[in-house]
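Per-entry structural report
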Amino acid sequence: MKEYFQDNHGTGLYILESRDDSKVLFEDENVLVTSIPEELDNIDSSEYSYIKEQMLGLKTETRFSFPAFYTMWRKIGFSWNAGLIEKSLVYKSLIDKINSNNIDYVIFDFQTDEYSSVMRDIERDTNAEVKGLIDNDSRLRDILKMIRNEIDEISSFAISIVDQLLGNLLCESNGLGSKYENADNIVIPYPGRDESLKPIIKNIDTSCILLLDARSSAPNLFGYHYPGDWDDFDHTYFREFVSPSTIKRQTELFFNFYLEKYVYKNIEREVSSCLQDTLGCAPELTVRDAVHTSFQNRLLEFSKAVIADELFADLDSCNAVITGSNGTMYKPIRHFGRQHNIDQYYVPHTIAHPVELEDPPLPGTTMFVAGDFDKQYMEKEYYSSCPNLISLGRPYFRERFPDDINIYQEVDEENVKLTVATQKIERCRKEFVTDILLVADKSTNISDVVIKIHPVETVDYYQSIISDLDIGTNVTVEDDRLRHHLQNADIVLTINSNVGLESMVVGTPVVSYNKWCPFIPSFPYATEGPGILIESRSDLREFIESLSKEKIRSLSEECYTFSRSNFYPASEAAQEIARHIEDGS
């Protein structure tokens, strides 16, 4: 990028996309250097929280038959690829820096398009000359990307309609049409988290529809099975309940979807107004990009909610809808269920955390939490009306972590073993692992590091990071045997994973290494429990160097006692949850 500096006069601002300590710049007192992570470090967390709270309270009217903004607001504000609040704060910080330093030109050195809308807004809203990735080619890439996304969305919707019609014919031909008319409960699990609901469903004596989201037209014809083994349960698919009425409503949904996105823009307008009131600015292109990104892939999810609404109307005796997620498909389903006076139950896979507070289930929903600690935390911290919280634990904990686990393993303080439980959080997973490996490599007491990857990640991704670092520490990457790696570690490190609590249950101390808060929240097992919250690489290095046999043993006992007294479920937990659902309590 040196040629840009040599061709310019006056004061410049050079903005890096990532925190890159290896980048060497020539010294020039007329050039200020910053990076997106540095700008994020300087953001006031209280300002971030205030904007978040105000945005949560928005009541935006749309033409959808369900509360669309409530359904998507977290995608707009906080998802890694939309992240409106974060990007708006960075925009304001950079604008202030440009104005206060009388910047004449700005150069962006970015490798991705994540902050392209922020760059565009800065180009529009300042007198500084903007260079770097702001060129005609990048504008063309953005336009082509938008067109490609819309083509994908529309074609996916069209294929889905054909898929539903074909699947419905196949279901009808198999005689499934009237099988579930008198079902008492509808169960909609969260893909990949089957173990959270299975013990409960096994103990429900009244009849259930297990409603799955098949990904191909004919499960019987093509041998398709839902991700997760539900073969032992009586299950069916959304497509079985398709009718001319649902096709009509999905078609109306399609037009309302694009009218809101490109014509009415009610959500975009309300969000901009909220930012203007709370932050004093509303970067137009950044807002639009965040709203459009949040709409991406939502059409098919909303279509399934419409099918569920028709199903609720047709059932004669349905008493309960039981869901395993609070995602963008499940929220409108709960909304429609409430309109039909059907009780709503939510069984999360994870423990309580700030995301559940920011993105709560609809009022009136009964939410089964992981323990009394979680219940007290959520009652104390909820931003808005709290759902009905019932503390009975996670029944699957008993199967995964039996009572007879031996937590007293030998500790060699000169050969400490670390297990790193990764998460697919795009903005920080590389930096998370890199920091830990660099600290471990320079420590005198770390002998082995196991990187236990998340189920949706790949071993190759982390092997590539390890090879680039050229470190001497013994590092292995594993994709299975979670309990084994938790039990055999002296310390477990994660960002904010549920694995942190699971580590405590087997008596292994957990470190929540999270220097990206508040944009990535820290979980209460570390902020209010005995987990160790560390927010910088230097603090991590100090903690690792301080480890002794006595310290590890003390932390182990504290974590084990905390988890078993607050989270380990009673042997009848699954039966108790099932009883609450059957009794309508």
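Residues numbered from 1 in each chain as written. Predicted model: local features only at pLDDT ≥ 70, side-chain atom pairs only at ≥ 80, totals over all residues. Heavy atoms only, no water.

**Re unusual backbone geometry**
Each neighbour pair has its own omega, and for C517 with P518 the value is 15°, a cis peptide bond. By secondary structure assignment, the location of P518 is in the loop between strand 16 (510-513) and helix 22 (524-527). Positive phi, close to 55°, is recorded for D470, a residue that is not glycine. Note on placement: D470 falls in the loop between helix 19 (459-469) and strand 14 (474-478). In the Ramachandran plot, R481 falls in the positive-phi region, its phi being about 55° despite a non-glycine side chain. Among the secondary structure elements, R481 is positioned in the loop between strand 14 and helix 20 (482-487). Its relative accessible area of 47% is what places R481 among the partly exposed residues. (Helix = DSSP H or I, 4+ residues; strand = E, 2+ residues; numbered from the N terminus. Buried < 20%, exposed > 50% of the residue type's maximum accessible area, 1.4 Å probe, protein only.)

**Side note on the packing of helix 5 (residues 84-100) against helix 6 (residues 116-125)**
With their axes 10 Å apart at the nearest point, helix 5 and helix 6 run at an angle of 35° to one another. For the pair helix 5 and helix 6, the sense of crossing is right-handed. Residues K87, Y91, L94, I95 and I98 of helix 5 form the contact with helix 6, whose own contacting residues are V118, D121, I122 and D125. Tallied by class, the residues present in the contact of helix 5 with helix 6 amount to 6 nonpolar, no polar and 3 charged. (Axes fitted to C-alpha atoms, helices over the stretch in contact; angles between N-to-C directions. Left-handed = near helix turned anticlockwise from the far one by under 90°. Contact = heavy atoms within 4.5 Å. Nonpolar A, V, L, I, M, F, W, Y, C, P; charged D, E, K, R; others polar.)

**Regarding the environment of S563**
With respect to the element layout, S563 can be found in helix 24 (residues 549-566). Each C-alpha atom of the pair S563 and V506 lies 8.9 Å from the other, and the pair is 57 residues apart in sequence.

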